[in-house]
Amino acid sequence: MANSFTQAGDYFVSALDGNDSNAGTAEAPFKTITAAVSAVISAGDTAMKKIIVGTGTYYENITSSSTSYRFWFIGDGNAILDGTGAASTAAFYNCHAAYIQNFIFRNFTYVSYGNTNASKPALIMDCTILGLSGAHAYNSTSYRSTYQNCTFVDYGGGGSGYYYTFTDSMFYNSISISSTARYYCSTARCIWYSTTNGT
């Protein structure tokens, strides 16, 4: 089975029929998101690049070797990020100011992590986050992550709690931000179901 991409982008990824030796085009996609990130960095262009990720399950941590590069990750179909067997507890590492759109997250501890203050994704939208403990695992005090139109299931609300905004999102048996990690955070137009400590 091959992916049929519906989104326009700069690089394309398909777990179903891709190969990391390919050029990363829609006709010859990479197999891993990591290969697309490496291609962006190798090209040396720091302008935001769209990485279109087709239907499939991706067992990987997406890591940028530099926070200078800008990525817009778009799931085109049913794109699942699965942390089973991954080297890190976070799906995205050092992907500063990234946009992350239309993914399912599972079997990670955090959505993102970094080793500097400038390591936080800017916008996470249209995503489903299943069973994760928290959002970002570095105490980034200068940059904000916005979660927009996301669904959280069995989500712990942990991580480093500075500068988060949750809008138009649904929390099922979940907490947006735990009471011990709530600094400069806000919610707007969110709904909580079966939650004892929603905020």
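We now turn to the structure provided with this report. (Residues numbered from 1 in each chain as written. Predicted model: local features only at pLDDT ≥ 70, side-chain atom pairs only at ≥ 80, totals over all residues. Heavy atoms only, no water.)

So, about the overall build of the protein. Within the protein one finds one helix and 17 strands. Residue burial in the protein is summarised as follows: out of 199 residues, 46% are buried. For the protein, contacts bridging at least 24 residues in sequence account for 42% of all contacts bridging at least 6. Just so you have it, the protein exposes about 8,400 Å², and 46% of that area is on carbon and sulfur atoms. (Helix = DSSP H or I, 4+ residues; strand = E, 2+ residues; numbered from the N terminus. Buried < 20%, exposed > 50% of the residue type's maximum accessible area, 1.4 Å probe, protein only. Contact = heavy atoms within 4.5 Å. Areas by Shrake-Rupley, 256 points an atom, 1.4 Å probe, with all protein chains shown as cover.)

Below, the discussion takes up the packing of aromatic side chains. Tallied over the entire structure, the rule returns 14 aromatic pairs. Plain terms: the ring middles of Tyr147 and Phe166 are 5.3 Å apart, the flat faces sit at 20° to each other, and that makes the pair stacked. You can see Tyr147 sitting in strand E12 (residues 145-148) and its partner Phe166 sitting in strand E14 (residues 164-167), a full 19 residues away along the chain. Summarising the aromatic geometry, the rings of Phe152 and Phe166 are spaced 5.7 Å apart at their centres and angled 70° between planes, so their arrangement reads as edge-to-face. (Phe/Tyr/Trp six-rings, centres within 6.5 Å; stacked < 30°, edge-to-face > 60°.)

Side chains of a nonpolar character, in soluble globular proteins, are inclined to be buried together. Within the largest apolar cluster, 42 residues are counted, with the highest numbers of intra-cluster contacts made by Ile51, Phe73, Leu81, Phe92, Phe103, Phe105 and Tyr147. Mapped onto this core, the elements with two or more residues apiece are strand E1 (11-13), helix H1 (33-43), strand E2 (49-58), strand E4 (71-82), strand E5 (90-93) and E14. It is H1 that provides the largest number of residues to this core, a total of seven residues. (Core = buried A, V, L, I, M, F, W, Y, C linked by side-chain atoms within 4.5 Å.)

With that settled, consider the pattern of salt bridges. One side chain can pair with another of opposite charge once the charged atoms of both are near each other. Scanning the entire structure with this criterion turns up three salt bridges. One salt bridge in this structure joins Lys49 and Asp45, with 2.9 Å as the shortest N-O distance. For Lys49, a relative accessible area of 18% corresponds to the buried category. Look at Asp45 and you get partly exposed, because its relative accessible area is 32%. (Salt bridge = Lys/Arg side-chain N within 4 Å of Asp/Glu carboxyl O.)

Next up on the list: the sheet that holds strand E3 (residues 62-63). Strand order in the open sheet formed by four strands is E3-E5-E8-E11, with parallel pairing between adjacent strands. Single-partner strands in this sheet number two, and they are E3 and strand E11 (134-136). Inspection of the sheet shows strand E8 (residues 110-113) paired to E11 by two bridges, in the parallel sense. Opposite Ser112, over in E11, you have His136 as the bridge partner. (Pairing = 2+ DSSP bridges.)

This part is about unusual backbone geometry. For Asn94, which is not a glycine, the phi torsion comes out positive at approximately 60°. Examined against the element boundaries, Asn94 turns out to sit in the loop between E5 and strand E6 (99-101). Of the residues examined, Asn94 reaches a relative accessible area of 7% and is grouped as buried. A positive phi is found at Asn102, a non-glycine position, where the angle reads about 65°. Mapping Asn102 onto the fold places it in the loop between E6 and strand E7 (104-106). In this structure Asn102 comes out as partly exposed when scored by relative accessible area, which is 31%.

Inspection of the secondary structure puts Glu60 in the loop between E2 and E3. Polar side-chain contacts of Glu60 include one of 2.9 Å to the backbone nitrogen of Ile33. (Polar contact = N/O pair within 3.5 Å; in protein donor to acceptor, adjacent residues only side chain to side chain.)

Turning next to H1. Turning to H1, its buried residues number three or more, namely Ile33, Ala35, Ala36, Val37, Ala39, Val40 and Ile41. In the stretch just after H1, Gly44 is the one whose phi turns positive, near 75°.

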